[in-house]
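So the chains spell out like this:
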Amino acid sequence: MIGDIVIEKTEIDKGFKYYNLDRKYINRCYECADIINNNAQYLELFNKMFMVLNYEDFDNIRPYWNIKNIDEIFGENVDDFVTNLIIVLSYKNHEENMKEFLEKCELCPRKCKINRYETLGFCKAQDKIKVAHIALHKFEEPCIINKNGSGTIFFSGCNLRCCFCQNYKISMEGYGIEISSQELAEKMLKLQNMCADNINLVSPTIYAIQIKEAIKIAKEKGLNIPIIYNTNGYENVETLKMLEGYIDVYLPDFKYATSFMSEKYSLAKDYPIVAKNAIKECLRQVPNNIYDENGKILKGVIIRHLVLPNHLLNTKNVLNIIQSEYGKDVSVSIMAQYFPTYKAIEIEKLNRKITKKEYDKVIGFIEELELSNGYIQELEDNEEKYVPLFDLRTLE
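Residues numbered from 1 in each chain as written. Predicted model: local features only at pLDDT ≥ 70, side-chain atom pairs only at ≥ 80, totals over all residues. Heavy atoms only, no water.

Peer 1: When you look at helix α15 (residues 356–369) in this model, what are you seeing that I'm missing?
Peer 2: Because an α-helix completes one turn every 3.6 residues, residues spaced three or four positions apart along the sequence face the same direction. In this model, α15 (14 residues) spans 20 Å end to end at C-alpha, consistent with the 20 Å of a helix rising 1.5 Å per residue. Where α15 is concerned, the buried positions are Glu358, Tyr359, Val362, Phe365, Ile366 and Leu369. Buried residues of α15, viewed axially, fall in a sector of 105°; they line one side. In α15, those exposed residues whose orientation departs by more than 90 degrees from the buried face are Lys356, Lys357, Glu367 and Glu368. Next to the buried residues of α15 lie α14 (312–326), β9 (331–335) and β10 (374–376). Immediately beyond the C-terminal end of α15, within one or two residues, lies glutamate 370, with a positive phi of roughly 60°. (Helix = DSSP H or I, 4+ residues; strand = E, 2+ residues; numbered from the N terminus. Expected span 1.5 Å × (residues − 1). Buried < 20%, exposed > 50% of the residue type's maximum accessible area, 1.4 Å probe, protein only. Arc of directions from axis to C-beta. Contact = heavy atoms within 4.5 Å.)

Here you go:
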């Protein structure tokens, strides 16, 4: 936060650098600062505004800025320039806010409470964001890939240990490079310029606070396509609440119905109850799915479930929970793309793909429960195609 005396130009410089803003506007911020600094009334009002307004709530500052002839003093774009000045000077608040979360990390249900600036927790993430792949992706639900493809950003690290993880190279082995929130914001804007239908954040949980910051910066620079939170479902409800208003579409997994399976296959005994409550929070934030005229999803929730071989009872129980907890109208996406990989190759019950007979039974479960909204993936022979070839060149 700025002090109560004057607005320092050095602080404006630091803010522009922190948010990686276009410096062609910096002189106008200097001019606004000079006008405010030279009038005690303006300075008092500015400091009050800085304290009251949240970064994301700058639709109109005039109720806080009650000065006669304000347009003559600052110019006709007073709202833009004074608002931008507050944004620029807010960089310290956001640095401190991020530090508060990461010095005693409780972003996910593990609640490791470790200092991510100094050591690693269960997910192996540090204070910087780590990404492995950024590109247009065509292998998602039709309402997500729509016309041009989903602007996917694959994050490295994970708060689960799924023995069958198809993305184990990045989730378990940590493949990827570190970037800042400012750089992530630029990547989002680049995907938008590539005509991506949305920004698809894949496995974002462990970087939620940094991602929130990146979305703020990107929106200030013109990001206006839907943001999708593509999660394994193992989420802290308080973290999801922190993201409210920033996420347009939630795409959570619901993997397991029993703690026995979730502990055995993902080292997360509490997964079923955690996922159930997390999805409930997602639906509270965006209770209705909204689509545009071309069928692209703009807001909503789609619950995903990956069918595992030899575990039809788990799928049946998961679908029963979904129907009983969230109702028949909720959108569900059933995925048939399982193939044995990573540690699952050595596990007898997981070392094969699902059969047509198994999948037909799953479709029967869906029909029995009258879960008619959503998607049923076709059973194919080449499920490996859904896994990207993680290429760091996509990060350039």
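After that view of the structure, there is still more to cover.
Peer 1: Quick question: what am I supposed to make of the nonpolar core here?
Peer 2: Where a protein is soluble and globular, its nonpolar side chains tend to be buried together. Core analysis: the biggest nonpolar cluster contains 107 residues, and Ile12, Leu85, Ile153, Phe164, Met188 and Leu201 have the highest contact counts within it. Residues contacting leucine 85, with those up to four places away along its chain left out, are Ile7, Ile12, Cys29, Cys32, Ala33, Ile36 and Phe46. (Core = buried A, V, L, I, M, F, W, Y, C linked by side-chain atoms within 4.5 Å.)

Peer 1: What am I meant to see in the pairing of strand β2 (residues 150–155) here?
Peer 2: Regular strands place their side chains on alternate faces of the sheet. Among the 6 residues that make up β2, 6 are buried, leaving the element largely enclosed by the rest of the structure. Burial along β2 is two-sided: Ser150, Thr152 and Phe154 facing one way and Gly151, Ile153 and Phe155 facing the other are all buried. Strand direction decides the pairing type here: strand β1 (residues 129–137) and β2, joined by 6 bridges, are antiparallel. Its bridge partner lying in β2, leucine 136 is registered against glycine 151. (Pairing = 2+ DSSP bridges.)

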